[in-house]
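The primary structure of each chain is shown beneath.
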Amino acid sequence: MTTTENTQPATFDNNKPPVDPISYLGMIFNADGTITRKDEPLQTPTTFDFTLPPVFTQDITINQSNNTGARIYVHRKALESTTTTELLPVIVYVHGGGFVVGRASSPIFHYFCSLMAVEIPALIVSVDYRLAPEHRLPAAYHDCVEVLQWIKNSPHELLTKYGDLSNCYIMGGSAGGNIAYHAPAFLKDVDLNPVIIKGLVLFQPFFGGTKRTESELRHVNDLVLPLTVSDVMWDLGLPDGVDRDHEYCNPTVETELRVCDWIKKLGLRVMVKGCDGDPLVDRQVELVKMMNEKDIEVVSSFDEGNFHGIDLFDPSYALSLCLVIKDFIFSAQSTLDVEDEDDK
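Residues numbered from 1 in each chain as written. Predicted model: local features only at pLDDT ≥ 70, side-chain atom pairs only at ≥ 80, totals over all residues. Heavy atoms only, no water.

An unreviewed UniProt entry lists the chain under the name Alpha/beta hydrolase-3, with Heracleum sosnowskyi given as the organism. The UniProt entry for the chain carries the following text under Sequence similarities (unreviewed entry): "Belongs to the 'GDXG' lipolytic enzyme family." (UniProt positions renumbered as here; feature names shortened; annotations may be inferred.)

Okay, structure coming up:
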């Protein structure tokens, strides 16, 4: 990673007093232990017309009792084609929000998934999982796996007609990256055939620990992800009674899940991308180091500057990220095609 010493990203203000994390998250804690979200995020209907990118979207209920589901995205060009087209890789996308805020229909996630559907292009299945603290981890992990099981057992017509179920990736940003990372361990006893997971795409994945890293201390009052907010997200998201050295939060501790072992056993390729303007960057670099030590195939890159969640707020960066993801997915396919030719 290339860094610049003694500089601070534009999202950092060391002179600013710490924010109130509860207000920052738009929550009110009630006397009975429940919470009220003061500012329910605007939800984008599937019919919302961005003009560009031109996509068809549809919402699917996965588990009615848990009120979970998914939103499917397909480039309209594929739908309108009168000739046989190649099947699209399938990306199961898990949104961020610290496990406590956000929906698949939130405008920032809806737009990014629409962009991926066009620019990669891919068939996107965006997971609408249960939120904490009403549903603490591992609820979100199970909801992600349930979507994958639904793709196997009850594939939607769009998936069977346009999606290549043998070329599937799990992708997440921030907390969604954490969920995507843990998914293989929760898939260990699940037969997904004919769905084949080829890899993981982790963008600025959300991890933590009780001991502060240098990047966390350097960006303690970060304007996007202040340390106090990050801590509260973990307090609300982790199982009751555990600290930030729990395996769901800190991947470097000894765990029962053995996530890296399952990633390796499943033969998954992993892409990790971040930036040095993110308070979480040191933990992401450590994650890459740990996976390399376990001989997992990892493609990683860390930009100078930028900030946590840049993919959702900077359209030009979002476009460049789509191209990086496209290269990751199709470079693997190109390698397989060459190997197939060599075997003939």
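Draft legend 1. Summary view of the side chain of Asp311. With respect to the helices and strands, Asp311 occurs in helix 11 (residues 310–313). Although Asp311 is buried, it makes no salt bridge; Lys273 carries the closest opposite charge, 11 Å away. Once residues within four sequence positions are removed from consideration, Asp311 is found in contact with Phe112, Phe203, Gln204, Tyr317, Ala318 and Leu321. (Helix = DSSP H or I, 4+ residues; strand = E, 2+ residues; numbered from the N terminus. Buried < 20%, exposed > 50% of the residue type's maximum accessible area, 1.4 Å probe, protein only. Lys, Arg positive; Asp, Glu negative; His and termini not counted. Salt bridge = Lys/Arg side-chain N within 4 Å of Asp/Glu carboxyl O. Contact = heavy atoms within 4.5 Å.)

Draft legend 2. Representation of helix 3 (residues 107–119) in the model. With 13 residues, helix 3 extends 18 Å between its outermost C-alpha atoms, agreeing within 8% with the 18 Å of an ideal straight helix rising 1.5 Å per residue. Of all the residues in helix 3, the buried ones are Phe109, His110, Phe112, Cys113, Ser114, Leu115, Met116, Ala117 and Val118. (Expected span 1.5 Å × (residues − 1).)

Draft legend 3. Inspection of the sheet that holds strand 9 (residues 269–275) at higher detail. The eight strands are arranged 3-4-6-5-7-8-9-10 in an open sheet whose pairing can be described as mixed. Single-partner strands in this sheet number two, and they are strand 3 (55–63) and strand 10 (298–303). Taken over all neighbouring pairs, the strand axes of this sheet differ in orientation by 20° on average, direction set aside. Looking at chain direction, strand 5 (residues 88–94) and strand 6 (residues 123–128) are connected through five bridges and run parallel. Paired with Ile91 across the strands is Ile124, a residue of strand 6. Relative to the sheet, helix 6 (residues 175–186) contacts strand 5, strand 7 (163–173) and strand 8 (197–203), its axis offset from that of strand 7 by approximately 130°. Contacts from helix 10 (residues 281–293) reach strand 8, strand 9 and strand 10 within the one sheet, and its direction differs from that of strand 10 by about 160°. (Pairing = 2+ DSSP bridges. Axes fitted to C-alpha atoms, helices over the stretch in contact; angles between N-to-C directions.)

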